[in-house]
Amino acid sequence: MTVTKSVDVTQMSEKDGEWGNEPVQDRHPDMIPHTDRPFNAEPPNYGLRDMCTKNNLHYVRQHCPVPIVDEKAYRFSIGFEGGELKKFSLDDLKNNEKHKELHCTLMCTGNRRSEFNTEKDGETMGLKWKNGSISTALWTGCSLTDVMKKAGVTEEAEDNGYHFVTFHGIEDYHI
């Protein structure tokens, strides 16, 4: 595998050792990398021919190092601003919730961005994705809706002025 030297410097972390948990062994050698750290890559066209993309050919878009998670100790919280938070463990999700399977296609909003880079218009900002920042997979797990309802977040939240959900990742990246 050839890894490019370019780095998305807007997303780089200064801390030493944060990149030690990167799942390098899981990456297919044919992946087309756009950055090394964080690793962002798309599959070659043959990886997109089947209905489901193979796990090691699924496109990778990340902003931070892969976090090291102690599955036994890790907890996350759900709740309203200023309210009491309900804590869950990964074990809660794996063993106490109803699971379902869902075919889902994910696509980076920058898919095909490289096609906008022309001599006349110049280069766009962001990674120069070709057509591969899209993948379909069969996902298995519990429903976010069910977990949120257990935490007290119901459809009535919108009537009370809540219109958005903010997710904070373990690496403190939030959307």
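Here is a short report on the structure shown in this document. (Residues numbered from 1 in each chain as written. Predicted model: local features only at pLDDT ≥ 70, side-chain atom pairs only at ≥ 80, totals over all residues. Heavy atoms only, no water.)

### Brief notes about the overall build of the protein chain
Stated precisely, the cut-off is as follows: Where helices and strands are cited, they refer to DSSP runs of H or I of at least four residues and of E of at least two residues respectively, numbered from the N terminus. Throughout, a residue-residue contact means that at least one pair of heavy atoms, one from each residue, lies within 4.5 Å.
Along the protein chain, the regular secondary structure elements total two helices and six strands. For the protein chain, the succession of helices and strands along the chain, N to C, is β-β-β-β-α-β-β-α. Put simply, of all contacts in the protein chain between residues at least 6 apart along the chain, 61% involve residues at least 24 apart.

### With respect to the nonpolar core
Which entries qualify depends on this criterion: Residues grouped as a nonpolar core are buried Ala, Val, Leu, Ile, Met, Phe, Trp, Tyr and Cys residues, joined through side-chain atoms within 4.5 Å. The rule is simple: take the accessible area with a 1.4 Å probe, protein chains only, and divide by the maximum for that residue type; under 20% is buried, over 50% is exposed, in between is partly exposed.
Ranked by size, the top nonpolar core spans eight residues in total: Phe 76, Ile 78, Phe 88, Leu 93, Val 147, Met 148, Ala 151 and Val 153. Counting only elements with at least two residues in this core, the list comes to strand 3 (75–78) and helix 2 (144–150).

### Notes on the packing of aromatic side chains
Rules: Geometry of aromatic contacts follows a simple scheme: Phe, Tyr and Trp rings, the Trp one being its six-membered ring, pair when their centres are within 6.5 Å, and the pair is stacked under 30 degrees between planes, edge-to-face over 60, tilted otherwise. Two thresholds decide whether a charge sits over a ring: the Lys NZ or Arg CZ must be within 6 Å of the ring centre and within 35 degrees of the ring normal.
One pass over the full model with this rule turns up three aromatic pairs. Relative to Trp 129, the ring of Tyr 59 lies with its centre 6.2 Å away and its plane at 85°, an arrangement referred to as edge-to-face. Placement of Tyr 59 in the loop between strand 2 (40–42) and strand 3 and of Trp 129 in the loop between strand 5 (99–107) and strand 6 (134–142) is noted, with a sequence separation of 70 residues between them. Taking the ring centre of Phe 39 as reference, the NZ or CZ of Arg 27 above it sits at 3.6 Å. One residue, Lys 86, lies across the ring of Phe 88, its end atom 5.5 Å from the ring centre.

### Notes on the environment of Asn 131
Our working definition: Polar contacts, as counted here, are pairs of nitrogen or oxygen atoms within 3.5 Å of one another; within protein the pair requires one atom able to donate a hydrogen and one able to accept it, and residues that are adjacent in sequence qualify only if both atoms are side-chain atoms.
Turning to its location among the elements, Asn 131 is positioned in the loop between strand 5 and strand 6. Exposure remark for Asn 131: the relative accessible area of 30% places this residue in the partly exposed category. Considered as a pair, Asn 131 and Arg 113 are 18 residues apart in the sequence and their alpha carbons are 8.3 Å apart. For Asn 131, the side chain forms a polar contact with the side chain of Asn 45, separated by 3.0 Å.

### Description of the pattern of salt bridges
This is how the line gets drawn: Salt bridges are counted wherever a side-chain nitrogen of Lys or Arg sits within 4 Å of a carboxyl oxygen of Asp or Glu.
For the structure on display, the rule yields five salt bridges. A salt bridge links Lys 94 to Glu 71, with the shortest nitrogen-to-oxygen separation between them at 2.7 Å. With a gap of 23 residues between them, Lys 94 in helix 1 (residues 90–95) and Glu 71 in the loop between strand 2 and strand 3 connect regions that are remote in the sequence. Here Arg 112 and Glu 115 are joined by a salt bridge, their closest N and O atoms 2.8 Å apart. For Glu 115, a relative accessible area of 48% gives the class partly exposed.

### Some thoughts on a nonpolar patch on the surface
Note the following rule: The patch calculation keeps residues exceeding 30% relative accessible area without a salt bridge and links them within 9 Å when they carry like charges or within 5 Å when they are nonpolar (Val, Leu, Ile, Met, Phe, Trp, Tyr). To measure how exposed things are, a 1.4 Å probe is used in the Shrake-Rupley method; for residues, cover is taken only from the protein chains shown.
Together, Leu 144, Val 165 and Phe 167 make up an exposed nonpolar region whose accessible area comes to about 270 Å². Relative to the assigned elements, Leu 144 resides in helix 2. Among the residues examined, Leu 144 registers a relative accessible area of 44% and is labelled partly exposed.

These figures capture arrangement, not role.
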